[in-house]
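What the coordinates show
The residues making up each chain are set out below.
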Amino acid sequence: MARSQLPVTTAPPNGHVDIHTEDGISQLPNGVSGEIPSTDGDNGTPERAPQICPCRGLCHGFCQAIRKHRDYITISLSDPQSEQLPLEWWKTAVAFIYALFNLLLTTVMITVVHERVPAKETCAPLPDKFFDYFDRVSWAFSVTEINGMILVSLWFGHWLLLRYKPALSCVQGTAEQMPRLTMCLHPARAIVGRRFFFLMGTLYLYRCITMYITTLPAPSMFMSCAPKLYGDSQAKVHRILQLVSGAGLSITGSHIMCGDFLYSGHTVILTLTYLFIKEYSPRSLCWVWYRRLCLLLSVSGILGILLGHEHYSVDVVVAYFVTSRLFWWYHAMAKDQTQNLSNRYLRNTWWDPVFSFLEKNVGASVPCTFCLPISWPPSCLKNSCKRYSMVQSTRDE
């Protein structure tokens, strides 16, 4: 009885299909091995089964050598949904540069507007209803900045843990290692990151415009403002660098200028980080308390701005409405795009071309799933051929 060569396929858990052949014995997926029965001709004599390789002589030996040294063939099986969430980190880098530019532009604008702020001795603070009922609390604004730093840190960790299973790459011999190598480059992080950077950059661009158009006097007589420099350009550059180095925070001693009142940048950060945490967190019960904690940090931080008399009430109200409306506006457009809908009223905005550039290839909603940004132990400490040991031992036998 002649034995023929039959390809056998095994499907490892990672989605790759490995094909390996063995003379006469077929290893089935359930572990049962069986022989290939031969066929008899019309005269009762055994008839050889057809060979897979039709080569003869040297060609036949060459084919045998190829099958001997290439027992495993890795075939990539891509996830259909992964194609709807493309890995476009270069767009995220463009959005980051846009946000960074507008943050630097804000520091320049604060320095310019500071020279136009009227002196407190000649121009008293404007009437504010909140200030009529609540006296100034000196430590309240420090609580605001601490809450802001906590929320930014929570959002950064939240964003870092976002993940989406990427498509399996076709690399021979490293099928187990590839998902770990791409773990830090998940499409979810790229998409959410560029949304955050674009919205933050746009909000600070709007802030530059509003503070330059209307310069309000200091809201409190207790606020200390640095002396004006007038035409000293070198000193102005030094103030800009000082403001950047201290992240524009009063607790670092870098925010010594006045005039950046309409609207509140602290309110923008407190509101925007909470909205992103709320939007991109699971709806399960265990996450409810986490979102409530972030909401408490955001609301108490905004109240600290008002209790510290660092901004007028209108500065905080305008900052909240501009931030929240822009956030929901952008995400409503993104939702319509994933559903192949087009609302011409929503798309009637100056940043619609930028939106199309950032969201052009995004065809699905970003899933709220999380994982550690790195795997442990590292893949270099693991045996990448461990899952093939059973097949290799069968072949050797």
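Residues numbered from 1 in each chain as written. Predicted model: local features only at pLDDT ≥ 70, side-chain atom pairs only at ≥ 80, totals over all residues. Heavy atoms only, no water.

Quick notes on the packing of helix α2 (residues 89-114) against helix α7 (residues 233-245)
The criterion, for reference: Comment: axis = line fitted to C-alpha atoms, over the contacting stretch for helices; angle = value between 0 and 180 degrees taken between N-to-C directions. Helix numbering and strand numbering both begin at the N terminus, where a helix is a DSSP run of H or I of at least 4 residues and a strand a DSSP run of E of at least 2. When describing relative orientation, an angle under 35 degrees is termed roughly parallel and one over 145 degrees roughly antiparallel, while 65 to 115 degrees is termed roughly perpendicular and anything else oblique. Crossing handedness: left-handed means the near helix sits turned counterclockwise from the far one by under a right angle, and right-handed means the same turn made clockwise. A contact between two residues is defined here by any heavy atoms of the two lying within 4.5 Å. Gly counts as polar in this scheme, as do all residues outside two lists: the nonpolar Ala, Val, Leu, Ile, Met, Phe, Trp, Tyr, Cys and Pro, and the charged Asp, Glu, Lys and Arg.
Where α2 contacts α7, the axes come no closer than 10 Å and their chain directions differ by 130°. Viewed along their axes, α2 and α7 adopt a mutual orientation that is oblique. In the crossing of α2 with α7, the sense of the turn from one axis to the other is right-handed. Residue-level inspection shows L104, T107, V108, I110, T111 and H114 of α2 in contact with α7, the latter providing K236, R239, I240, L243 and V244. Per-class residue counts for the contact of α2 with α7 are six nonpolar, three polar and two charged.

Brief notes about the side chain of T273
Counting through the fold element by element, T273 comes out in helix α8 (residues 265-279). Other than its neighbours up to four places away in sequence, T273 contacts L151, V152, W155 and F196.

Regarding unusual backbone geometry
Quick note on the threshold: Each residue is placed in one exposure class: buried if its accessible area under a 1.4 Å probe, protein chains only, is under 20% of its type's maximum, exposed if it is over 50%, and partly exposed if it falls in between.
In this model, L262 is joined to Y263 through a cis peptide bond whose omega is 5°. Positionally, Y263 belongs in the loop between α7 and α8. Here the phi dihedral of A247 falls at roughly 60°; this positive angle occurs in a residue that is not glycine. Inspection of the secondary structure assignment puts A247 in the loop between α7 and α8. For A247, a relative accessible area of 58% puts it in the exposed group.

So, helix α9 (residues 288-307)
We count it as follows: In a helix, the anticipated span is given by 1.5 Å times the number of residues less one.
Between its terminal C-alpha atoms α9 stretches 28 Å, which fits the 28 Å expected from 20 residues at 1.5 Å a residue. Within α9, burial applies to V288, R291, C294, L297, S298, G301, I302, G304, I305 and L306. Looking at the packing, one finds that the buried side of α9 touches α3 (129-133), α4 (140-161), α8 and α10 (313-338). Backbone geometry just after α9 places H309 at a positive phi near 55°.

So, the state of the cysteines
Here is the rule we go by: Any cysteine sulfur atom paired with another within 2.5 Å is treated as part of a disulfide.
According to the stated counting rule, one finds one disulfide in the structure shown. Each sulfur of the disulfide joining C225 and C258 lies 1.7 Å from the other. Given an S-S torsion of about -90°, the disulfide between C225 and C258 has left-handed geometry. Of this pair, C225 sits in the loop between α6 (187-213) and α7 while C258 sits in the loop between α7 and α8, placing them 33 residues apart in sequence.

Quick look at the nonpolar core
Threshold: Remark: nonpolar core denotes a set of buried residues (Ala, Val, Leu, Ile, Met, Phe, Trp, Tyr, Cys) joined through side-chain atoms within 4.5 Å.
Core analysis: the largest hydrophobic core is formed by 54 residues, its most contacted members being W155, V192, L199, M200, L272 and F276. Those elements giving two or more residues to this core turn out to be α2, α3, α4, α6, α8, α9, α10 and α11 (352-359). Looking at this core, the element that brings in the most residues is α6, giving 10 residues. Setting aside anything within four residues of it in sequence, one finds F276 in contact with W155, V192, R195, F196, L199, F327 and H331. Ranked by size, the runner-up nonpolar core spans seven residues in total, among them M109, V113, M211 and L243.

Details of the pattern of salt bridges
Quick reminder of the rule: Whenever Lys or Arg places a side-chain nitrogen within 4 Å of a carboxyl oxygen from Asp or Glu, that contact is recorded as a salt bridge.
Here the structure, examined in full by the defined rule, presents five salt bridges. A salt bridge links R195 to E359; the shortest N-O distance between them is 2.9 Å. A residue pair is termed long-range when its members are at least 10 positions apart, and R195 in helix α6 and E359 in helix α11 qualify at 164 residues. Residue class for E359 comes out buried when judged on its relative accessible area of 1%. For R347, the salt bridge identified is with D352, shortest N-O distance 2.3 Å. Of the residues examined, R347 reaches a relative accessible area of 24% and is grouped as partly exposed.

Topic: the packing of aromatic side chains
Put simply, the test is: Note on aromatic contacts: the rings of Phe and Tyr and the six-membered ring of Trp form a pair at centre separations within 6.5 Å, being stacked when their planes are under 30 degrees apart, edge-to-face when over 60 apart, and tilted otherwise. Any Lys NZ or Arg CZ found within 6 Å of a ring centre and within 35 degrees of that ring's normal is scored as a charge over the ring.
The final tally for this structure, using the stated rule, is 21 aromatic pairs. Ring geometry for F96 against F197: centres 5.2 Å apart, planes inclined by 75°, an arrangement best described as edge-to-face. Of this pair, F96 sits in helix α2 while F197 sits in helix α6, and the two are 101 residues apart along the sequence. Taking relative accessible area as the criterion, F96 reaches 42% and is therefore assigned partly exposed. Between F156 and W159 the ring centres are 6.0 Å apart and the planes differ by 35°, which places this aromatic pair in the tilted class. Residue F156 and its partner W159 are located together in helix α4, separated by three residues, close to a single helical turn. Judged by its relative accessible area of 49%, F156 falls in the partly exposed class. We classify W159 as buried; its relative accessible area is 16%. Positioned above the aromatic ring of F357, the side-chain terminus of K91 is 5.2 Å from the ring centre. The ring of Y212 carries the charged tip of R116 above its face, separated from the ring centre by 5.1 Å.

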